[in-house]
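Topology and contacts: notes
Here's the letter readout for the chains.
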2 protein chains.
Amino acid sequence: MNMKSSIGSFILILTALHLHAEDGHNLWLRGKSTGSVNIVCARSSSTLSIAKQELEQGWQGKDEATVVLAIKKDKAIKGDGFKLTTNGIQANTEPGILYGVYELLRRQQTGQSIQEVISNPSYERRILNHWDNPDGSIERGYAGLSIFWRKGENGYAVTENDKILWRKYARANASIGINGAVLNNVNASPLMLTAECLEKVKAIADVLRPYGIKTYLSVKFSSPSLIGGLKTSDPLDPDVINWWKTRVKEIYRLIPDFGGFLIKANSEGQPGPQDFGRTHADGANMMADAFKPYGGIVMWRAFVYSPNSTDRACQAYNEFMPLDGQFRDNVIIQVKNGPVDFQPREPFSPLFGAMKKTSVMAELQITQEYLGHSIHLVYLAPMWEEFLKSETWQEGTGSIVARTTDGSLFPQKHTAIAGVANIGLDANWCGHHFAQANWYAFGRLAWNNQLTSEKIADEWIRLTFSKAPASNDWNEYFLAPVKQVMLESREAAVNYMMPLGFHHIFAPQDHYGPGPWWGPQGVRKDWTPPYYHQADTAGVGFDRTTKGSDAVSQYHEPLNSLFNDPETCPEIHLLWFHHLSWDYKMKSGQTLWDEICYHYDKGVQQVRQFQKVWDKAEPYVDAERFSAVQSKLRNQSRNAQIWKDGCLLYFQQFSKMPIPYDIERPMNDLDYIIKNFTKDRP
Amino acid sequence: MNMKSSIGSFILILTALHLHAEDGHNLWLRGKSTGSVNIVCARSSSTLSIAKQELEQGWQGKDEATVVLAIKKDKAIKGDGFKLTTNGIQANTEPGILYGVYELLRRQQTGQSIQEVISNPSYERRILNHWDNPDGSIERGYAGLSIFWRKGENGYAVTENDKILWRKYARANASIGINGAVLNNVNASPLMLTAECLEKVKAIADVLRPYGIKTYLSVKFSSPSLIGGLKTSDPLDPDVINWWKTRVKEIYRLIPDFGGFLIKANSEGQPGPQDFGRTHADGANMMADAFKPYGGIVMWRAFVYSPNSTDRACQAYNEFMPLDGQFRDNVIIQVKNGPVDFQPREPFSPLFGAMKKTSVMAELQITQEYLGHSIHLVYLAPMWEEFLKSETWQEGTGSIVARTTDGSLFPQKHTAIAGVANIGLDANWCGHHFAQANWYAFGRLAWNNQLTSEKIADEWIRLTFSKAPASNDWNEYFLAPVKQVMLESREAAVNYMMPLGFHHIFAPQDHYGPGPWWGPQGVRKDWTPPYYHQADTAGVGFDRTTKGSDAVSQYHEPLNSLFNDPETCPEIHLLWFHHLSWDYKMKSGQTLWDEICYHYDKGVQQVRQFQKVWDKAEPYVDAERFSAVQSKLRNQSRNAQIWKDGCLLYFQQFSKMPIPYDIERPMNDLDYIIKNFTKDRP
């Protein structure tokens, strides 16, 4: 063995030792202490104990340094915010101290400077919505069964292993500032309010509490009649009002810091106040009154649409705007980011900024229902950043979506933001190692809605993929290219799935593959893709201009005018707002059809490029996560091809124009895709 | 409508009228007469009637011209050859006249000059081998059921539709000089010699006869005991000898011009003379003696191998060379082009040229058992040309394979060439429109083993894809690029399936997809890919050098020396003859592993390029054949990807080297491919 190869072997051994088998269970919480730290803290509590333990376990500052944790009122510090000082952390509350500790450790572990700074949360409540069912299944869950619920005789039993897992979950959330969890699906089971179920909620709340996390529940609006023995669930009925008051009281007896309810009412078949001739405000306020004595809140979803409307995108606005100002101050209207449903790209919902006398919160979807499930690598922060920074013009320039919800523009007693969780029993929590970044990013943006997706990706990669000791070039050959992949990944998904304003052309049910052709007789039209793409030989796209559904008029000047004219409408939203001829001339000079083709092809090429980047990164990652991500990227690559081929060949039947000959030809016949991929995942 | 678009529409209408729906049933026989012709012919017969009819139907020469068909002995004209003169055709035989007519029409229809020329066939017998079973199935058939046989009660009945189809078949064969057809599978059913079966053979022979085509049968060597009631099938047993004589006599009573037998004996479980302690010569000669009185021949296959041998590639030579000179002069040993089995690329079988005192004929495979079935567009003429022009060195320079079989090098009483047919009941006969070109090319090469694959492709495209009247640029935009695709297609298949001398790494049974990993316990080793690729961490390839199986020594100097040394062995055969380390340095300077990767990737890119060429050719082809070929190319493209991914990921387990990062990454995990593609076609 010559010198060179012996050094090589030595490095290989070192690397092998470092890059041990790795299932991703540790998320971004990997920093190990490199020295000791002296902690000074006048008080003690379970939350402060956690803060101290974290400091000791993860300290990477000066050896033997002293850190002071001080709970001391300071008007500059808001809510659970904190002040980072050169010698410690100051906060108004115990969770504030804990958040400061995590920030300090994060800065140490990512090599950022520690300087005096005050960090206040953008939202009072930063909440995960778990769409978990009492039987353990998760609606739109792609990472295994529920961490909270399980099927079977002992479904409500709580084991030590449950508590260990919940504690890890709570720690991960606290580390990024998440302080609330709705423990069950918005399509709620009435069982959730039964005594044995609430006992389990109490057990969960007890584990989450020291980490500053409040529990919330989704409830079924018709619970009074379903499990309460009442004849009605009419929100103005005194017995109903009383039933809810009793239920809430009972909950607070078990869980004194309970957060509140999340309600999906009169939406997709769920019961609601309209079943009794009442309004959303009647329903929400009745519940809010029950919570008033305890400081709880009601999050009332604006995700409503009916099969008869000519444009689903208009309906939430039409239904809720007339109620603006009629809601109690402990009601927050929870509005999905876009007007339709968590699509790869939508314009922001026009309710943001329009409801000026009502508290409004954004509902983001962390789980990738429409973005490749846990198969595609799609980093969602760029999408959320695009949304939060969208200019609504409702209060002049600068009235971006973020400010319409964080209390800086309108008086809101409570502010909040919600993310539909992507968490399950999979060892790596999220199915795809990179899907952890979306959980992370949601928390970070909920804490600070001004953060850039680039900054969050940088942090997450540094924390999640430890730098190998032999890899001095890690920044150049791992961090930079992998971050680039993350930042580009959402636009790639838009390209290969639904570019230029296309939306909801998914295969039915599972929302994974393409399905622009899907529209069987008897299915309500607004559940079929042709309703959304409106392709015919004359053109393609949904006419939402003043001559069409007039959805544009729900936006404030100058947006409504800009959106209304295809020449000024941003091309990313073109087919959202316009039905245009296939030979419509785009800004590039190409026809709309050609541009559609190039976008789909670009998406495929981008995924192939991601594969190259990842394969090259192999020396810098542990083998287990490397292989897992490599395999997912291959699957994504195949699926991107299916998307491109399926959509282009389907739309070509209307455009009757050739796919530009300089791009790669389809690999699949349309018939083959329809037969093999409409319902099932490849 | 402006002038330009109105002209465009006019051209479109013209094109639409011309490019009518087209199922490919007419093969290359599409020329319609453009004027009248006066035919002078002193004799009359059914063959000459066909000749005259063809001239009248397809005449594209000077209107009112006179053509003289003259049967007149001429020593310069051999066998069924002919002389094309300025005013007609002269031949020794009636089929000679017919072939001359087809040549004349072909020249007219492809725009070649008509000049005085003598054209003699390279082989006396130019035979299709149909691997058709009495139940109508076809072994390795990918174009529907048999045109000759069918299952069921009336399986032996002959309908008018049968005769119409057989006549079309006979005409297509005659047009390219094929003059023989073995009507059934080499894995022969003993039923073939029963009276009712022979009655059907007679009916077929009667249809084929006027087109100059003789019928042959494959027979089972053990027929005497299986259907003859004898206790043995020992070829030296007088009863057995007598039984065969009686059978042959009976056949000639029905079919006076019967061609002879094709025998697969002691091969892959088929019975043969070795079962009785006799040699192949004993078996073949016994049968040949029975045929002697009638002028019939016995084609005895050299496709033999046993599970115990260390190298299957050596066995035919080992078994047959000792028998050289022991066969009757009406026996021809039928040898597959390569030493193993119709692989995408093999070196020629060393029996060619080595057996100097025995008639030897080549067996080519027109049906694409190992070349993508009727899914992949693979034009086989370049492979056959490579084979026929291979230098054996057996009689010094110029002793190419073609000459070792056509009687120009060795005295052979009979010469022949066989092609395993790709014909079935599909409307387009061959499954893939371009597979017709392989039937065509076989016939043309059998007639003239000096033809180039380029010349044949040119002819075939011109005859098969009519030039649209509005397409003055047809030559440039259709003929040239499509011909290029055809000429490149076999090398592309080699690249994406088994480059650099890889062979027989197919999925089991169907021989369509990759299967280098396939080697279950209990399966004989020489039926599993690892036997052929011999991959291990030290390297890959089958060592057939003097230090290995010594197969090289079956070749004549200097080939044996050239093949024996990896530095001089042609790289196309490298892993056929050598087991080399993964980092073996290739002539390009790259490692063997990298070169393997680049070849697989190149194959995929080539197919994608074929797709582009074909899609661009759309304006020049009828819609029906355009779509059919487009769809096949997409399937081929997917399958090429599966081949590349499967082989590279499998071999990478041994090479432990990265796939070069400048080539496209696999789209499929190895597990996924093994699970989904090992047995089934995608």
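Reference entry: report on the structure contained in this document. (Residues numbered from 1 in each chain as written. Chains lettered and ligands numbered in written order. Predicted model: local features only at pLDDT ≥ 70, side-chain atom pairs only at ≥ 80, totals over all residues. Heavy atoms only, no water.)

**With respect to the sheet that holds strand β1 (residues 37-41) of chain B**
Residue and element names in this part refer to chain B. Here five strands make up an open sheet; going across it, the order is β1-β2-β4-β3-β5 and the pairing mixed. Pairing within the sheet leaves two strands with one partner each, and these edge strands are β1 and β5 (117-119). Strand-to-strand, the axes of this sheet are offset by a mean angle of 15 degrees, without reference to chain direction. Sheet analysis places strand β3 (residues 82-85) next to strand β4 (residues 88-91), joined by four bridges and oriented antiparallel. (Pairing = 2+ DSSP bridges. Helix = DSSP H or I, 4+ residues; strand = E, 2+ residues; numbered from the N terminus. Axes fitted to C-alpha atoms, helices over the stretch in contact; angles between N-to-C directions.)

**Quick notes on the relation of the copies chain B and chain A**
Once chain B is rotated about the relating axis by 180 degrees and shifted along it by 0.1 Å, it coincides with chain A to within an RMSD of 0.0 Å. Such a combination of turn and shift is consistent with a two-fold rotation axis. Among all residues of chain B, the one whose C-alpha sits closest to the rotation axis is B:R638, at a distance of 5.1 Å. Both copies share a contact surface, since 100% of the interface residues of chain B are interface residues in chain A too. (Least-squares fit on C-alpha atoms with pLDDT ≥ 70 in both. Contact = heavy atoms within 4.5 Å.)

**Focus on the packing of helix α4 (residues 160-175) of chain A against helix α5 (residues 195-208) of chain A**
All names here are of chain A. Interaxial distance between α4 and α5 falls to 9 Å at its minimum, and their mutual angle equals 50 degrees. Between α4 and α5, the angle falls in the class oblique. The two elements α4 and α5 cross, and the hand of that crossing is right-handed. Contacts from K163, W166, R167, Y169 and A170 in α4 reach K200, A203, I204, V207 and L208 in α5. A class-by-class count of the residues in the contact of α4 with α5 yields seven nonpolar, no polar and three charged. (Parallel < 35°, antiparallel > 145°, perpendicular 65-115°, else oblique. Left-handed = near helix turned anticlockwise from the far one by under 90°. Nonpolar A, V, L, I, M, F, W, Y, C, P; charged D, E, K, R; others polar.)

**Considerations on the sheet that holds strand β7 (residues 180-182) of chain B**
Residues and elements named next belong to chain B. Pairing is parallel around the closed barrel formed by eight strands, whose spatial order is β6-β7-β8-β9-β10-β11-β12-β13. The mean angle between the axes of side-by-side strands here comes to 25 degrees, regardless of whether they run parallel or antiparallel. Packing against the sheet, helix α12 (residues 436-447) makes contact with β6 (125-129), β12 (360-365) and β13 (416-420), and its axis sits at approximately 155 degrees to β6.

**Details of helix α2 (residues 46-58) of chain A**
Residue and element names in this part refer to chain A. Counted at 1.5 Å a residue, the expected span for α2 with its 13 residues is 18 Å, and the 18 Å between its end C-alpha atoms agrees. Along α2, the residues that are buried comprise T47, L48, I50, A51, E54, L55 and G58. End-on view of α2: buried residues confined to an arc of 155 degrees, all on one side of the axis. In this structure, the buried residues of α2 make contact with β1 (37-41), β2 (65-71), α3 (94-109) and α4. Regarding α2, its N-cap is S45, as a side-chain oxygen of that residue lies 3.3 Å from the backbone nitrogen of T47 further along. (Expected span 1.5 Å × (residues − 1). Buried < 20%, exposed > 50% of the residue type's maximum accessible area, 1.4 Å probe, protein only. Arc of directions from axis to C-beta. Polar contact = N/O pair within 3.5 Å; in protein donor to acceptor, adjacent residues only side chain to side chain.)

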